[in-house]
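Take a look at the letters that make up each chain.
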Amino acid sequence: MELTADQRWELIEKISEKTVKFGAYRHTLKDAIGDLTVRPSTGIPVAIAVLYGFWSIFGSFAGTLFTDGFMCKIFDEHWLPWMQSVFPGGLGNWFYAIMVDAGHIQNGMLTASDNSFESFGVLTSGLFVPFGVVLPAIFIFYLMLAFLEDVGYMPRLAVLIDTLLHKIGLHGYAIVPTILGLGCNVPAVASTRILETRKQRFIMMALVATFIPCGAQIGIMQDVIPESIGFVMLYLFIGYFVMGYILNKVIPGRAPEILMDVPPYQKPMLKNIKRKVWMRTSGFLKVAVPFVLLGCLIVNILYLAGTIDWLGNVFAPVFEGWFGVPKETAGPLVAAFLRKDLAVAQLSAIHMTKYQMITSVVLVSIYFPCVATFAMILKESWKALLGSLVVLLIAAFGWGGLLHLIWKLMGVA
Amino acid sequence: MRVLLMGHPNVGKSVFFNRLTGANIIESNYPGTTVDYTKGYMRQFGEDIEVIDVPGTFSLDPKDKAEEVAVKMLRDNKDAKIICVVDASKIERGLYLLLEIIEEGFPVVVALNMWDTAMDKNIQIDAPELEQILGVPVVPTVGISGEGISAVVSKLKDITPVDADAIVERMGGI
């Protein structure tokens, strides 16, 4: 027999009366900490401290300690010179250029690269980018994320940011896809399923795909543009809210309230954290390494075939006129479709001003989701994919062009 | 035999799943970690039993896409047995989903999970009495330490669907 909802609740009340005794509730230390981290007056400073701590550890561990202190030395001082000396062909040979080092023109001479960002060979940059730069970044990101998740901090963060996210048609729990997206956009797109309406899921997917740079990209930015990464992140976050606000106004549909369930704090289990970090990190390697290698290969071939120069020339008015960046940016933008980290690494080898660099990095983030994210959105819904593409086209031209305008007003463009 | 792990979001279904199947799926302390179902196998009663970790749902009346997946899983597996994972510290709302599953005619074992949290909150549940009333096995469990999980599994073998009418009758009608 089928009961109605009211009948069920009535029955439950009777059952509960007979079987459950609610004793006097003891306020525990966990509850006290729980209150402090949810009440806005104390919770917001705590949230800022937590996020700041997250960011500092991320930067110092992945960027300074591991990549600069360790991996750069191995790759630039040992691996690259060794490859340059033993790989057959040498500078100027097309196969050598693809696999090891294409070199660059300096004072009219073809000169060998002296670091693993510039060389851009499959066996040099193709290994340095995923293992030397991105792996430490992803590892530390997931370690800290697993800790926050298991302790139970995420729902508190969700409660605190709820009001703000309502302005862009979402609610507190949208913080979950957002933060997951800072690791990798692919699981972030999957996690949009926790949002209730199609409108909310679309807004979330579009925002993740355009304005949330993934961990791989952040890791490499930390190394390539350490002095302007803060600005890039801030500019993207502002874009996230501006675009969200617009989408919320434009897209029909509901954005309902939710009642959030805040679970009690819990002591994190080492075993679970280890497992999660391992799964996510190895998952990253499995997806990223083949794509980075493939990306290097394709981009090098397109360079040699002249396709990239051709694209650069064709779109030169857009690059130089609208965005104010060198037309050589065409190459990284092709690479960005395969891997964003690769694209940023490639940008670092192009000669340009600090401000042009910022614009290019912002463009790489916004202009197109990487192929894995692209496939994931398609899996969720092809309509969402089409919509996202429209959104990011507008975002790339609008937000990228605005940056150019800002530089012009500052007199640095 | 096929077993579905059902329950509210964040009651520990994924912890159960990893324990039962030795698989590795992401578990976290927030609702909505599992948004798609995952299959695994455990060897029990001399057969390979398929275990499916279903996304958390509050009721069989879905309100988001993850819940739709959950309800669809139930509808597509009419011959499955259910382990209904209930947060013992929030037992009343867990019973709602449980009643719905019972009404649908599925054989169920109830895992009263987070038993330790309920104790901390000074909530005392008379599990044997609850078992009497519902007519289905009720086992207190602590997923993260593994307490009670083997008891849940051992009950799976002999469970059969129960009649919701009988529950109503035992409570003196509604």
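Residues numbered from 1 in each chain as written. Chains lettered and ligands numbered in written order. Predicted model: local features only at pLDDT ≥ 70, side-chain atom pairs only at ≥ 80, totals over all residues. Heavy atoms only, no water.

Peer 1: Honestly, unusual backbone geometry in this entry has me stumped. Any pointers?
Peer 2: When glycine is set aside, most residues are seen to have a negative phi, and most peptide bonds are trans. All names here are of chain B. In the Ramachandran plot, Asn10 falls in the positive-phi region, its phi being about 60° despite a non-glycine side chain. With respect to the secondary-structure elements, Asn10 resides in the loop between strand S1 (2-7) and helix H1 (13-21). The phi dihedral of Asn122 is positive, around 65°, even though this residue is not glycine. Within the secondary structure, Asn122 sits in the loop between helix H4 (115-120) and strand S6 (123-125). A residue is classified by how much of its surface remains accessible, and Asn122, at 21% relative accessible area, is partly exposed. (Helix = DSSP H or I, 4+ residues; strand = E, 2+ residues; numbered from the N terminus. Buried < 20%, exposed > 50% of the residue type's maximum accessible area, 1.4 Å probe, protein only.)

Peer 1: Explain a nonpolar patch on the surface to me, please; I cannot follow it from the model alone.
Peer 2: Residue and element names in this part refer to chain A. Judged by side-chain polarity, Leu234, Ile238, Val242, Tyr245, Ile246 and Val250 come together as a nonpolar surface patch covering roughly 550 Å² of accessible area. Topologically, Leu234 is positioned in helix H11 (residues 229-250). Leu234 sits in the exposed class, given a relative accessible area of 51%. (Patch = residues over 30% accessible without salt bridge, like charges linked within 9 Å, V, L, I, M, F, W, Y side chains within 5 Å. Areas by Shrake-Rupley, 256 points an atom, 1.4 Å probe, with all protein chains shown as cover. Salt bridge = Lys/Arg side-chain N within 4 Å of Asp/Glu carboxyl O.)

Peer 1: Help me understand the pattern of salt bridges, please; the structure alone is not making it clear to me.
Peer 2: Pairing of side chains with opposite charge becomes possible as their charged atoms draw close. Enumeration over the complete set of coordinates arrives at 18 salt bridges over all chains. Residue B:Glu103 is joined to A:Arg8 by a salt bridge in which the shortest nitrogen-to-oxygen separation is 3.0 Å. Placement of B:Glu103 in helix H3 (residues 91-103) and of A:Arg8 in helix H1 (residues 5-19) is noted, with the two residues assigned to different chains. In this pair, the class of B:Glu103 matches that of A:Arg8, namely buried. Where B:Glu50 meets B:Arg2, a salt bridge forms, and the shortest distance between an N and an O atom there is 2.6 Å. Of this pair, B:Glu50 sits in strand S3 (residues 47-53) while B:Arg2 is found in strand S1, placing the two residues 48 residues apart along the sequence. For B:Arg2, a relative accessible area of 29% corresponds to the partly exposed category.

Peer 1: Hey, could you run me through the packing of aromatic side chains in this one?
Peer 2: Two numbers describe a pair of aromatic rings. These are the distance of the centres and the angle of the planes. All names here are of chain A. Within the structure shown, the criterion is met by 26 aromatic pairs over all chains. Taking the centre distance of 5.8 Å and the plane angle of 35° together, the rings of Phe87 and Phe95 count as tilted. On the basis of relative accessibility, which here comes to 16%, the residue Phe87 falls in the buried class. We classify Phe95 as partly exposed; its relative accessible area is 39%. Members of the aromatic cluster, joined through ring pairs, are Phe211, Phe231, Tyr235, Tyr355, Trp399 and Trp407. Taking NZ or CZ as reference, Arg156 lies 3.8 Å from the ring centre of Tyr265, over its face. (Phe/Tyr/Trp six-rings, centres within 6.5 Å; stacked < 30°, edge-to-face > 60°. Lys NZ or Arg CZ within 6 Å of the ring centre and 35° of its normal.)

Peer 1: Just to check I follow, could you spell out helix H18 (residues 371-380) of chain A for this structure?
Peer 2: Owing to its 3.6 residues per turn, the α-helix aligns residues three or four sequence positions apart on the same side. All of the buried residues along H18(A) are A:Thr373, A:Met376, A:Ile377 and A:Glu380. All buried residues of H18(A) project into a common sector of 95° when viewed along the axis, lining one side. (Arc of directions from axis to C-beta.)

Peer 1: What is the right way to look at a negative patch on the surface in this model?
Peer 2: A cluster of acidic residues, A:Asp6, A:Glu10, A:Glu13, A:Glu17 and B:Glu92, forms a negative patch on the protein surface. For the negative patch, the element with the highest residue contribution is H1(A), accounting for 4 residues. Tracing the backbone shows A:Glu17 in helix H1. Taking the relative accessible area as the measure of exposure, A:Glu17 reaches 63% and is therefore exposed. (Lys, Arg positive; Asp, Glu negative; His and termini not counted. Charge placed at Lys NZ, Arg CZ, Asp CG, Glu CD.)

Peer 1: Honestly, the interface of chain A and chain B in this entry has me stumped. Any pointers?
Peer 2: How large an interface is tends to be reported as the accessible area lost when its parts come together. Each side of the interface is counted separately: chain A has 51 residues, and chain B has 52 residues. Buried area between chain A and chain B, both sides added, is near 4800 Å², and the carbon and sulfur share of it is 58%. Our count for the chain A to chain B interface comes out at 5 salt bridges. Two residues, B:Asp36 and A:Arg193, come together in a salt bridge whose shortest N-O distance is 3.7 Å. Linking chain A with chain B are 12 residue pairs in polar contact (both at pLDDT 80 or more), by the criterion used here. No other element matches the 12 residues that H1(A) contributes to the side of chain A that touches chain B. A class-by-class count of the residues in the side of chain A that touches chain B yields 24 nonpolar, 8 polar and 19 charged. For strand S1 (residues 20-22) of chain A and S6(B), the ladder comprises 3 bridges, and the chain directions are antiparallel. From the neighbouring strand, A:Val20 faces S6(B), where its bridge partner is B:Ile125. (Contact = heavy atoms within 4.5 Å. Buried area = accessible area lost by both parts, 1.4 Å probe. Polar contact = N/O pair within 3.5 Å; in protein donor to acceptor, adjacent residues only side chain to side chain. Nonpolar A, V, L, I, M, F, W, Y, C, P; charged D, E, K, R; others polar. Pairing = 2+ DSSP bridges.)

Peer 1: How do you make sense of the side chain of B:Lys81 when you look at a structure like this?
Peer 2: All names here are of chain B. You can see Lys81 is positioned in strand S4 (residues 81-87). Buried charged residue Lys81 carries no salt bridge. Nearest counter-charge: Asp158, at 6.8 Å. From its side chain, Lys81 meets the backbone oxygen of Lys157 in a polar contact 3.1 Å long. The contacts of Lys81, once residues within four sequence positions are left out, are Met1, Arg2, Val3, Leu4, Pro107, Leu156, Lys157 and Ile159.

Peer 1: So what exactly am I meant to see when it comes to the environment of A:Lys276 here?
Peer 2: By secondary structure assignment, the location of A:Lys276 is in helix H12 (residues 270-304). Residue classification places A:Lys276 among the buried residues on the basis of a relative accessible area of 1%. Placed 129 residues apart in sequence, A:Lys276 and A:Phe147 show a C-alpha to C-alpha distance of 9.8 Å. Excluding residues within four positions of it along the chain, A:Lys276 makes contact with A:Ala146, A:Glu149, A:Asp150, B:Ile26, B:Glu27 and B:Ser28.

Peer 1: Where do I start with the nonpolar core in this structure?
Peer 2: The tendency in soluble globular proteins is for nonpolar side chains to be buried as a group. Ranked by internal contacts, the top residues of the largest apolar core, which has 117 residues, are A:Leu170, A:Leu207, A:Phe211, A:Met221 and A:Tyr240. No other element matches the 13 residues that helix H5 (residues 125-151) of chain A contributes to this core. Those residues within four positions of A:Leu207 in sequence are excluded, and the remaining contacts are A:Ile168, A:Leu170, A:Ile212, A:Tyr240, A:Met243, A:Gly244 and A:Leu247. By size, the runner-up hydrophobic cluster in this structure holds 46 residues, among which are A:Ile12, B:Leu99, B:Phe106 and B:Ala127. (Core = buried A, V, L, I, M, F, W, Y, C linked by side-chain atoms within 4.5 Å.)

Peer 1: Whenever I open this one, the pairing of S4(B) confuses me. Can you help?
Peer 2: Each regular strand displays side chains that alternate between the two surfaces of the sheet. All names here are of chain B. Most of S4 sits inside the fold, with 7 of its 7 residues counted as buried. Side chains Lys81, Ile83, Val85 and Asp87 project from S4 onto one buried face, and the interleaved Ile82, Cys84 and Val86 project onto a second face that is buried too. Bridging between S1 and S4 involves 5 bridges; their strand directions are parallel. In the sheet register, Leu4 faces S4, and the bridge partner there is Ile82. When S4 meets strand S5 (residues 108-113), the two strands line up parallel, connected through 6 bridges. Considered in S5, the bridge of Cys84 is made with Val110.

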